[in-house]
Amino acid sequence: MISSNILRISIVPERGEFQNSGLNRYGFITRPDSEGFKPQISAAAQGYSAKTADMQVKVNYVTGNIHVTNTDGTKVLLDQSGASFEKGITEAVFKADKEEDWIGFGDQSRTHLYHRGYMADCDVRYKTSTYIPVPYFMSTKGVGILVNTTYRTIFDMCKTKPNSYNWKNQSGTVDYYVIVGKDFKQLINSYTSLTGRPKLPPQWAFGLWFICRDQADDMEAVNAAYSFRQEKIPCDVIGLEPGWMERRYDYSTKKKWSSKRFPHPFWFNDARPPSFVPALKKMGFKLELWLCSNYDLSYEAERQAGRRAGIKVNSDSLKDAAKANATPPIFQDDHLSGIVYADTVTLIDTPWFHHLEKFVDQGVDFFKQDAAVQMEFHPDRLWGNGMKDKEMHNLYPILYSQQMYDGFKAKTNRRPAALTPAGWTGFQAFSATWTGDTGGELATLGGILNTSIVGGSWSTVDMEVSTKEGIHYGYLLPFSEICSWAYFKMPWVQGSELTSIHRDYAELRSRLFPYLYSSARMSTKTGLPLLEPLTIAYPEDKNCRENLHQYLLGPGLMVGIYKKDMYFPAGRWKDYWTGQIIEGSQQKDISWPEDKGGALYVNSGSIIPMGQMMQYRGEKPLDEITLYVFPDQKETSFDLYEDDGITFDYEKGNYSTTHITTKKAEIASIIEIGKTIGTFENMVKQRTWNIIVNLEARPLAVSMDGAIIKEDQYTYDDTRKELTIRKLTKPGMISVREK
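Residues numbered from 1 in each chain as written. Predicted model: local features only at pLDDT ≥ 70, side-chain atom pairs only at ≥ 80, totals over all residues. Heavy atoms only, no water.

## With respect to the pattern of salt bridges
Just so we agree on the cut-off: Throughout this description, the term salt bridge denotes a Lys or Arg side-chain nitrogen within 4 Å of a carboxyl oxygen of Asp or Glu. Runs of E in the DSSP output that reach at least two residues are strands. Runs of H or I that reach at least four are helices, and both are numbered from the N terminus. Whether a residue is buried, partly exposed or exposed follows from its accessible area with a 1.4 Å probe, protein chains only, as a fraction of its type maximum: under 20%, in between, or over 50%, in that order.
Taken as a whole and assessed by the stated rule, the structure comprises 32 salt bridges. In this structure, aspartate 214 and arginine 248 form a salt bridge, with 2.5 Å as the shortest nitrogen-oxygen distance. Of this pair, aspartate 214 sits in the loop between strand E16 (208-213) and helix H3 (218-231) while arginine 248 sits in the loop between strand E17 (237-240) and helix H4 (276-282), and the two are 34 residues apart along the sequence. Note on aspartate 214: relative accessible area 6%, which makes it buried. The partner of aspartate 250 in a salt bridge is arginine 247, and the shortest N-O contact between them spans 2.8 Å. Taken together, the salt bridges that share partners define one network made up of Asp121, Asp123, Arg125 and Arg152.

Next comes the structure, spelled out in structure tokens:
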């Protein structure tokens, strides 16, 4: 047993040996903090039982059956019927409860969230719905199962047999973790404690990213940056596609800037005017470069595994291992004096990130890890760690993200913003993801929702810039990205109407930063995704189960995309665009204004902190916050989180929080802004607060800490039913009397 609610079960064939998978060896599965944990173990005639505060497991050695129950004795894992190891195929079979259903498996399906009656094929593939498959699923009975493997694994979730489910792979062992929890949120929390919490990105990552055409040169990139500032469309990142390289799609460690397109990319000193990279920096932009990789990452993975185990792994031992593994990574030719490597890219002595350090020194802030060869199959390849491709294929994408994250962190001591379309178990701990080369229309949301269910928190799509619906969706995601590729996707060439809509949504996203960043911080603590499927938030509401066009962005905003029929879960919901309030627990046809592209609602009880509009993060101090408040009869709260936005000092306690509460009492609505606790470098010392509060009628009186606020300091909007209080210069308790 790993912890009070996590259990590992391993079954090997007769005369087989227990062994860890690559996930264990390379740090993608770790033991959660469970200090002082001791299960109660007792022997039985044909097996044993073990009990903790959260679960009990009974194992029968003779029948192979395994029973797992929760604290009240309810079975959550029903009678594993044993395991079979025949003809190189490993299979585990379980009974299914009649009412049981399952969510999970990551981005291996975009058409459904619940999997009873379906097959789930977990194997990383390109340009399909299997960019980020994850062999983890959660049952409506309160149990999650993570299959501990990197082999392709096929799950049959009661499709072939209506009363049982199974999985098959070629790993040679049945090895899985069982997690018990009261609901999906608790299961995701425990799963990410085992496989890694999402890490807090730099603040600028939550701004808009614009990736130039593949054909772009330094002038086009600088002009794009300048146009964003001239058009006053907030944007934080300028990115480049593979055309930035001298040799397009250069997989080597000798890649360099295109001498024709970027002749002097980083000159910057007192004697010369700024060149391409410094020019972007002067306008407040971060720079991203596209990458592809066919490097053998397993050598560095072995070195890192050795360091974690306190063992030094030197280059000679890795080379000896490569010799022992023989072909195809190396071969011996009698006409040559030494070994010839079939892999001509990898430098065994050198980590992959090493050759990127010069670009970081030149001002590059992060790299886009394109699908490219990392998602291709290499059936004849034997990797440096001795793995064949059937074991290494699904491991490669997460090693790539892990080494990108760790390499950038070690080089700069700044928070990385790794980005990839590919992943497997544990991807969420190192990288943001996008839905690959599949655009930004409705179908992509199924992939994001399924990725969120397995812990993915920082997600986005290639925005559809030429439709209102695509703009709405693209700006209201955890990350927001416009990728031009070979086209002209600049907002200002989409026509005046769409350009204005881009500007409005980019400004809204900029103002929402305090809300998004604070919610992101909570994701790093709990593992719960920033973009939350409705079925996670409302697990008992079956109307939320297969909703593939709505989601929560943070705890208080519900986004609807592409469709005008919406389901409203329990509570009251306020249309952010119009102010209209809709009662929950109903399906309803809705509309949105002509200058918008979709639905945006605020849930009752929500507190949405909003900042000043900035063209980029850090343009000016965040010294004015507007609280958009929708009080409920039940007291609710929000913690405004702040730090320096760049370094890892927050992990040392250098950050601040401001606790904000609200409640609709019998005769008044109460909003209380607590004192800011904590400190960090360049922290705002003095702040102005504004409050927009939902109010059914004009207030009788408004006060703060018992002192009356004069009427010239607030206004009431009869149409939207909102009171706006302006320019409060200190925290305190605000009372809005309605009766």
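Text resumes after the structure shown.
## Side note on empty space enclosed by the protein
Threshold: Computed over the protein atoms alone on a 1 Å grid, cavities are sets of points where a 1.4 Å probe fits but cannot get out and pockets are open sets with protein on both sides within 12 Å along at least five of seven lines; a residue lines them when it has an atom within 4 Å of a point. Grid points are joined across faces, edges and corners, and a volume is the space filled by probe spheres set on the points. Residue type decides the class: Asp, Glu, Lys and Arg count as charged, Ala, Val, Leu, Ile, Met, Phe, Trp, Tyr, Cys and Pro as nonpolar, and the leftover types, Gly among them, as polar.
For the structure shown, the criterion picks out four cavities of 30 Å³ or more. The computed volume of the largest cavity comes to approximately 110 Å³. Looking at the largest cavity, it is lined by 15 residues, and the ones nearest its centre are Phe206, Gly207, Asp236, Arg509 and Ser510. Sorting the residues of the lining of the largest cavity by element identifies helix H12 (496-511) and helix H13 (513-526) as the ones contributing at least two each. The element best represented in the lining of the largest cavity is H12, accounting for three residues. The residue inventory of the lining of the largest cavity, partitioned by class, reads nine nonpolar, three polar and three charged. One number sums up the size of the second largest cavity: a volume of about 90 Å³. Lys199, Tyr405, Pro416, Phe430 and Trp458 are, among the 14 residues lining the second largest cavity, the residues nearest its centre. Here the residues of the lining of the second largest cavity are counted per class, giving eleven nonpolar, two polar and one charged.

## A few points about the layout of surface pockets
In this model, the largest pocket occupies a volume close to 940 Å³. Counting residues per element, the lining of the largest pocket draws most heavily on H13, which supplies six residues. Looking at the lining of the largest pocket, its residues break down into 13 nonpolar, 13 polar and five charged. There is about 660 Å³ of room inside the second largest pocket. At the level of elements, H13 and strand E36 (636-642) are the ones that each hand at least two residues to the lining of the second largest pocket. For the lining of the second largest pocket, the class distribution of residues is 14 nonpolar, six polar and ten charged.

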